Amino acid sequence: MQFFERPILNSPYEIPRAHWELDGDGRPTDTILDRRRRAELVSPIPAPKRRGGRGRQTEMVLDTGHGLSTEGQEYNPSPIINELRQEIERWRALPNPEQWQVTPATATLLRHWRALQGDPTQRFRPFFCQVEAVEAAIWLAEVAPKSGARGRRFLDYLKLANAGANPDLFRVALKLATGAGKTTVMAMLIAWQAINAARSPNSKAFSRAFLIIAPGITIRDRLRVLLPSDESYYRDRGLVPSDLLPDLGRAKVVITNYHAFKLREQLPLASGTRAALTGHGPKIETLETEGQMLRRVIPDLMALKNVVVINDEAHHCYRERPDAEAAKLTGDERKEAEENAEAARLWISGIEAVKRHLDLAAVYDLSATPFFLSGSGWTEGTLFPWVVSDFSLMDAIECGIVKLPRVPVADNLPSAQTPLYRDLWPTIRSRMPRKNRGETKPDPAKLPIELQTALDALYGHYVKTFEEWDHAEVGVPPVFIVVCNNTTNSELVAEYISGYERETAEGELDFHQGRLELFRNFTDDGHRLPRPRTLLIDSQRIDSGEAIDKAFRDVYAAEIDAFRREKAHREGAEAAKAITDEDILREVMNTVGRKGKLGEHVRCVVSVSMLTEGWDANTVTHIFGLRAFGTKLICEQVIGRALRRLSYDPDPETGLFGVEYADIMGIDGLNFSAQAISAPVKTPREVVHVHAVRPDRDALEITFPRVEGYRVELPDERLEADFSKLEPYVLDPHKVGATQVTMQGIVGMPEQISLDYLKAMRPSELVFKLASHLISHTLRDANERPKLHLFGQARTVTRQWLDSGLLVCKGDTVPAQLCYKQLADEVCDLIAGAINTNPSGGQIIRAVLDPYNPEGSTADVGFTTSQTDRYDPRADRSHVNWILLDNSGWEMQLAQAIESHPRVRAYAKNNNLGFEVPYLYEGEPRRYLPDYLVRLDDGTTLVLEVKGFRGHDAAIKAATMRDKWIPAVNRLGRFGAWAFAELRDPFTMAEELERLIVSLSSKDNAA
């Protein structure tokens, strides 16, 4: 099998279990390795604080960092990422939340997020990489301090890493590939911190004050969904359970772009006026102070302490290495390095100012490329040493989260060792058109021939894609991006593509039509289109909030006017008047590919310099690079603009995403290439809002108790049990593991290993051990002390269960295995349930409700989904407008049977309802979600479960419902009468439901 035939190996919602092997140059070898890919990025290693004294031996520098290490600085691959990943995997595998060493609020959120991950009916399911990134932050903050030397090692490393590059700051970086959903990770980080802070207001470990810093206005505005006042993002995506939203609402979140940290003039003065006022005296200070700047930028946080900073696209934020030699750069590269250094200096200085005035709890960095930039003093392209979690671009490709970038791998130039269009700029840069004497501008028609040919070649493929999208009725066009090195060249390319006008010596306008038909901004007779198809944009200037350069405004004045007229047509004349040219272009840029928005008709974007991060159009299919791409960092940043998928609907058969492609020319540095394998266009599914219909259907509301656990009481001190309703308890190799094993060495006879020795355990010994477990762990008094005086009765009840024939041993399993704690917990829980059903025992089991939110309701349902397998319930039977179904078809049959029954007054599918039943399985607490709630005309509420295949835990769930949850809730009284049943035969569900309802009526009449 070849990589490019099947690049996607893993589900995005599960831990990656396989990866494609890469050769030394980073190219797939077409070999699949059945394990997760290791992180192997090179990072500067922090030096230890203490070294040997005078006369110590010189340390040998261990250089596994591609020849970068010196005696002054060591570089090695991903020093802690893989080790921390293993720690988190072990921690994640712990089945009991009590072992997680986190707060109850954190445990609730982790359970909730992991449940969302595993629920295919959800429209918004967190990717594995998103949850893993938050788990890393949680583990370091809550678990590591309690893990002794094992956890302290990671924290000490991070302190050293920050001391070398971020003095006085504690930064934790989370690396996620472009398109992996960093905004969701930020929301989860905020929820984790804010909810814990609300529930533990005196704890210094958590904060409700958040400062989110973005690299520009585009991302700043997009991140407004993270404000607690905009609960819809947290609620609609299911990131926070509804009962925790009030706690989240207490958070204070400020979102800004780093440019806001620049000190502003309070008294603008001309240079001459300033010189006259200063005279020979001290310099007049007219800049605002640091404190004034903070009151302007973060007024809502000034009264708070312990601020949490979240940096989006954090590779722009670092402190320059003070002792480093300046890199020898020229031209555009030198200018870019200086701009990088200035931006980083301003960004980190703002964070340091916040620390001086308000103190910081932590700084969380999120970036797809957390690498040092040129101008930092560190080796360009090396990883921030405080990165603790890595989900790389290759990981994202193998999980299908992003498109697969394709680059040229061969051409028909016989003398070329590398395909020309793989890295075109060095070949043509010196031949780009320049303004000649007598010309006002360079001539676009004089672009180098190689460039014109390359544009035609990539455009030809775009035409095919355009036609496929049009045939598939996607609704918006695919987008073609050209990234240029400066304003002059970007203008040239835009005019070549879309058309232009030039004034002749006689003062007349000479029209030149664009060479690429689908990108033209003019009709064939020279009239400008009312909706420009090609957009020329200086994204960095616009995104910083600066005014557009006058030369740029003059070049693009006609297009700006066209977009302004379009806005007036859509939103009215006043809306068009109230917006600046910069705002117009920013809105167009940010709405490319979005139906009904100003940028929906844009097909080609020509960018001056780099397109800013956060530009997240998912309709980009082609990118052309016309500038230098010196490092993998820059390549990945540019290619990242094309990697967001059009469709996130998995294949129902495999559970994997389908392959989508982005075709790239002129950008070298990433070793992904592909043959021309056609990928069919996949139109995104319809998205529906599933919600309670209020107030029209409020009469159909069903409420239910949120049970957290059970408390056993034995008021008469007498143990009697009825095992007649219990199902057999089956031991087999599926449950306990292999019981017959063949062992063999290189030579010699084989040996059979079995459990025969356990057969020697006498029945009386097994009874004694199980009865002791029943008393010690299950039958306790109100003070949680074992009722030792009941041991004799417990032994009798245990012997009755063993003699009843309910224990079934298969596949060479033996009864003695019930002494395993997990199995003993299960068996004793079943026995205790049988004791609890004895009517002579009185009220011996009570429900323990959630203290924060004891009651749930169908009124709380509200989420979006693209699942097509859904059922439209009767409006006079269901409070919720849709019912989501599994693939079996059984649930729809049951829904039809329920709503057609004359005694049913209301029903609800337990989907995002929050109705959970706690139970014990293999000694660990679990949560069970039954299928339906049904309210009858007499007020009884039925809990119904549709079961086809019954796994090992099905009997445990049924016993818990029947012997614990139902009697405990009925004893509460205030929730009415409840009953439970399993329906197993799809062909007799209606009859089973009828019998169940009749039997309940008979019991009521008998009572």
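Definitions and limits used
- Residues numbered from 1 in each chain as written.
- Predicted model: local features only at pLDDT ≥ 70, side-chain atom pairs only at ≥ 80, totals over all residues.
- Heavy atoms only, no water.
- Helix = DSSP H or I, 4+ residues; strand = E, 2+ residues; numbered from the N terminus.
- Buried < 20%, exposed > 50% of the residue type's maximum accessible area, 1.4 Å probe, protein only.
- Contact = heavy atoms within 4.5 Å.
- Areas by Shrake-Rupley, 256 points an atom, 1.4 Å probe, with all protein chains shown as cover.
- Pairing = 2+ DSSP bridges.
- Axes fitted to C-alpha atoms, helices over the stretch in contact; angles between N-to-C directions.
- 1 Å grid on protein atoms, 1.4 Å probe; cavity = no way out; pocket = protein on both sides within 12 Å on 5 of 7 lines; lining within 4 Å.
- Points joined across faces, edges and corners; volume = space filled by probe spheres on them.
- Nonpolar A, V, L, I, M, F, W, Y, C, P; charged D, E, K, R; others polar.
- Parallel < 35°, antiparallel > 145°, perpendicular 65-115°, else oblique.
- Left-handed = near helix turned anticlockwise from the far one by under 90°.
- Phe/Tyr/Trp six-rings, centres within 6.5 Å; stacked < 30°, edge-to-face > 60°.
- Lys NZ or Arg CZ within 6 Å of the ring centre and 35° of its normal.
- Salt bridge = Lys/Arg side-chain N within 4 Å of Asp/Glu carboxyl O.
- Polar contact = N/O pair within 3.5 Å; in protein donor to acceptor, adjacent residues only side chain to side chain.
- Expected span 1.5 Å × (residues − 1).
- pLDDT = per-residue confidence, 0-100.
- Patch = residues over 30% accessible without salt bridge, like charges linked within 9 Å, V, L, I, M, F, W, Y side chains within 5 Å.
- Lys, Arg positive; Asp, Glu negative; His and termini not counted.
- Charge placed at Lys NZ, Arg CZ, Asp CG, Glu CD.

- Labelled according to an unreviewed UniProt entry, the protein chain appears under the name Restriction endonuclease, originating from Amaricoccus solimangrovi.

### Regarding the overall build of the protein chain
Next up, step 1: Helices and strands together make up the secondary structure of the protein chain, namely 28 helices and 36 strands.
Next up, step 2: Per-residue burial over the protein chain gives 53% buried out of 1007 residues.
Next up, step 3: Of all intrachain contacts in the protein chain linking residues separated by at least 6 positions in sequence, the fraction that spans at least 24 positions is 73%.
Next up, step 4: Accessible surface computed for the protein chain: about 45,500 Å², of which carbon and sulfur atoms make up 50%.

### Overview of the sheet that holds strand 8 (residues 307-312)
Next up, step 1: Reading across from one edge, 7-6-8-9-5-10 is the order of the six strands in this open sheet, with parallel pairing throughout. Here the strands that pair on one side only, and so sit at the sheet edges, are strand 7 (252-257) and strand 10 (387-391). Each strand axis lies, on average, 15 degrees off the axis of its neighbour in the sheet, ignoring direction.
Next up, step 2: In this sheet, strand 9 (residues 360-367) lies alongside strand 5 (residues 171-176) in parallel orientation, the contact comprising five bridges. Looking at the pairing, Arg171 lines up with Val363 of strand 9.

### Re empty space enclosed by the protein
Unfilled space is identified by rolling a water-sized probe across the atoms.
Next up, step 1: One pass over the full model with this rule turns up seven cavities of 30 Å³ or more.
Next up, step 2: Looking at the largest cavity, its volume works out to about 90 Å³.
Next up, step 3: What lines the largest cavity is a set of 13 residues, and nearest its centre among them are Val690, Val880, Trp882, Lys909 and Asn911.
Next up, step 4: For the lining of the largest cavity, the secondary-structure elements that each account for two or more residues are strand 30 (883-884) and strand 31 (904-909).
Next up, step 5: Of all the elements, strand 31 adds the most residues to the lining of the largest cavity, at three residues.
Next up, step 6: Grouping the amino acids of the lining of the largest cavity by side-chain chemistry returns ten nonpolar, two polar and one charged.

### Structural notes on the sheet that holds strand 34 (residues 932-936)
Next up, step 1: Pairing is mixed in the open sheet, where four strands are placed in the order 31-34-35-36. Of all the strands in the sheet, the pair left with one neighbour each is strand 31 and strand 36 (978-983). Averaged over all neighbouring strand pairs, the angle between strand axes comes to 20 degrees, with direction disregarded.
Next up, step 2: Sitting on the sheet, helix 27 (residues 954-972) is in contact with strand 35 (941-946) and strand 36, with an inclination near 165 degrees to strand 36.

### A closer look at the packing of helix 2 (residues 104-117) against helix 3 (residues 128-143)
Two measures define how a pair of helices packs: the angle their axes make with one another and the distance between the axes.
Next up, step 1: Between helix 2 and helix 3, whose axes approach to 11 Å, the crossing angle comes to 165 degrees. Our classification of the angle between helix 2 and helix 3 gives roughly antiparallel. As for how helix 2 packs across helix 3, the hand of that crossing is left-handed. Here helix 2 contributes Thr106, Leu110, Trp113, Arg114 and Gln117 to the contact with helix 3, which in turn contributes Phe128, Val131, Val134, Glu135, Ile138 and Glu142.
Next up, step 2: Residue composition of the contact of helix 2 with helix 3, by class: six nonpolar, two polar and three charged.

### Some thoughts on the packing of aromatic side chains
Next up, step 1: One pass over the structure, following the stated rule, counts 29 aromatic pairs.
Next up, step 2: For the pair Tyr258 and Trp347, a centre-to-centre distance of 5.1 Å together with 10 degrees between the ring planes defines the contact as stacked. Taken together, the residues span a long stretch of sequence, with Tyr258 in the loop between strand 7 and helix 9 (271-278) and Trp347 in helix 11 (residues 331-358) at a distance of 89 residues.
Next up, step 3: For Trp347, a relative accessible area of 0% gives the class buried.
Next up, step 4: Connected via pairs of aromatic rings, a cluster forms that spans Tyr459, Tyr462, Phe466, Phe480 and Phe519.
Next up, step 5: Geometry around Trp100 places Arg114 over its ring, the cationic atom sitting 4.8 Å from the centre.
Next up, step 6: One Lys or Arg, Arg199, reaches over the ring of Tyr852 and ends 3.5 Å from the middle of that ring.

### A closer look at the environment of Met188
Next up, step 1: Tracing the sequence through the fold places Met188 in helix 5 (residues 182-199).
Next up, step 2: In this structure, Met188 is in contact with Trp113, Val131, Val134 and Leu239, ignoring residues within four places of it in sequence.

### A short note on the pattern of salt bridges
Note that side chains of opposite charge can pair when their charged atoms are close.
Next up, step 1: Enumeration over the complete set of coordinates arrives at 39 salt bridges.
Next up, step 2: Between Arg296 and Glu288 there is a salt bridge, with its nearest N and O atoms 2.5 Å apart.
Next up, step 3: Glu288 sits in the buried class, given a relative accessible area of 8%.
Next up, step 4: When the shortest N-O distance is used, the salt bridge between Asp876 and Arg877 registers 3.5 Å.

### Structural notes on the side chain of His879
Next up, step 1: Secondary-structure assignment places His879 in the loop between strand 29 (870-871) and strand 30.
Next up, step 2: A distance of 3.1 Å separates a polar atom in the side chain of His879 from a polar atom in the side chain of Asp698.
Next up, step 3: Separated by 2.7 Å, the side chains of His879 and Thr858 make a polar contact.
Next up, step 4: Other than its neighbours up to four places away in sequence, His879 contacts His691, Ala692, Val693, Arg694, Arg697, Asp698, Leu700, Glu701, Thr858, Ala859 and Tyr907.

### A word on the packing of helix 2 against helix 5
Next up, step 1: Orientation of helix 2 relative to helix 5, taken along the N-to-C sense of each, is 150 degrees, at an axis distance of 9 Å. For the element pair helix 2 / helix 5, the angle class is roughly antiparallel. Crossing geometry of helix 2 relative to helix 5 is assigned as right-handed. Taken together, the residues of helix 5 that come into contact with helix 2 (itself represented by Ala105, Thr106, Leu109 and Trp113) are Met188, Ala191, Trp192, Ile195, Asn196 and Arg199.
Next up, step 2: Residues belonging to the contact of helix 2 with helix 5 are distributed by class as follows: seven nonpolar, two polar and one charged.

### Quick word on the pairing of strand 6 (residues 209-214)
Regular strands have side chains that alternate between both faces of the sheet.
Next up, step 1: The element strand 6 is extensively covered by neighbouring structure, given that six of its six residues are classed as buried.
Next up, step 2: Neither face of strand 6 is left uncovered, since the one carrying Ala209, Leu211 and Ile213 and the one carrying Phe210, Ile212 and Ala214 both have all their residues buried.
Next up, step 3: In the sheet, strand 6 pairs with strand 7 via six bridges, with the strands oriented parallel. Note on strand 7: the bridge partner recorded for Ile212 is Ile255.

### Some thoughts on the side chain of Ser498
Next up, step 1: Following the sequence through the fold, Ser498 ends up in helix 15 (residues 487-498).
Next up, step 2: Taking the relative accessible area as the measure of exposure, Ser498 reaches 5% and is therefore buried.
Next up, step 3: Looking at Ser498, its side chain comes within polar contact range of the main-chain oxygen of Ala494, at 2.6 Å.
Next up, step 4: Apart from residues lying up to four places away in sequence, Ser498 is in contact with Gln513, Gly514, Phe519, Arg520, Asn521, Phe522 and Thr534.

### Section: helix 15
Next up, step 1: With twelve residues, helix 15 should reach 16 Å at 1.5 Å per residue; the first-to-last C-alpha distance of 16 Å fits that figure.
Next up, step 2: All buried positions along helix 15 are accounted for by Asn489, Ser490, Glu491, Leu492, Val493, Ala494, Glu495, Tyr496, Ile497 and Ser498.
Next up, step 3: Where helix 15 begins, one side-chain oxygen reaches toward the backbone nitrogen of Thr488, 3.3 Å away; that side chain belongs to Asn486.
Next up, step 4: Positive backbone phi, approximately 105 degrees, marks Gly499, located one or two places after helix 15.

### Concerning the confidence of the model for the protein chain
Next up, step 1: Residue-level pLDDT values for the protein chain average 82, and 83% of them are 70 or greater.
Next up, step 2: A low-confidence stretch, residues 45-71 (pLDDT under 50), is modelled with 39 contacts involving residues beyond four sequence positions or located in other chains.
Next up, step 3: Low pLDDT, under 50, characterises residues 744-750; the predicted model gives this stretch three contacts beyond four residues in sequence or across chains.

### Some thoughts on unusual backbone geometry
Next up, step 1: A cis amide bond links Arg694 with the next residue in sequence, Pro695, at an omega value of 0 degrees.
Next up, step 2: Unusually for a residue other than glycine, Gln101 sits at a positive phi of about 60 degrees.
Next up, step 3: Along the polypeptide, Gln101 turns up in the loop between helix 1 (81-92) and helix 2.
Next up, step 4: In this structure Gln101 comes out as partly exposed when scored by relative accessible area, which is 30%.
Next up, step 5: The backbone phi angle of Glu313 is positive, close to 55 degrees, even though this residue is not glycine.
Next up, step 6: Along the polypeptide, Glu313 turns up in the loop between strand 8 and helix 11.

### Here we look at the pairing of strand 5
Next up, step 1: By the criterion of burial, strand 5 is predominantly enclosed, with six of the six residues buried.
Next up, step 2: The two faces of strand 5 match: Arg171, Ala173 and Lys175 on one face and Val172, Leu174 and Leu176 on the other face are all buried.

### Examining a negative patch on the surface
Next up, step 1: Where like charges cluster on the molecular surface, the negative patch consists of Glu467, Glu468, Asp470 and Glu473.
Next up, step 2: Exposure remark for Asp470: the relative accessible area of 55% places this residue in the exposed category.

### A look at the environment of Ala353
Next up, step 1: Examined against the element boundaries, Ala353 turns out to sit in helix 11.
Next up, step 2: Take Ala353: its relative accessible area is 1%, and that puts it in the buried class.
Next up, step 3: The residues contacting Ala353, other than those within four sequence positions of it, are Glu290, Met293 and Leu294.

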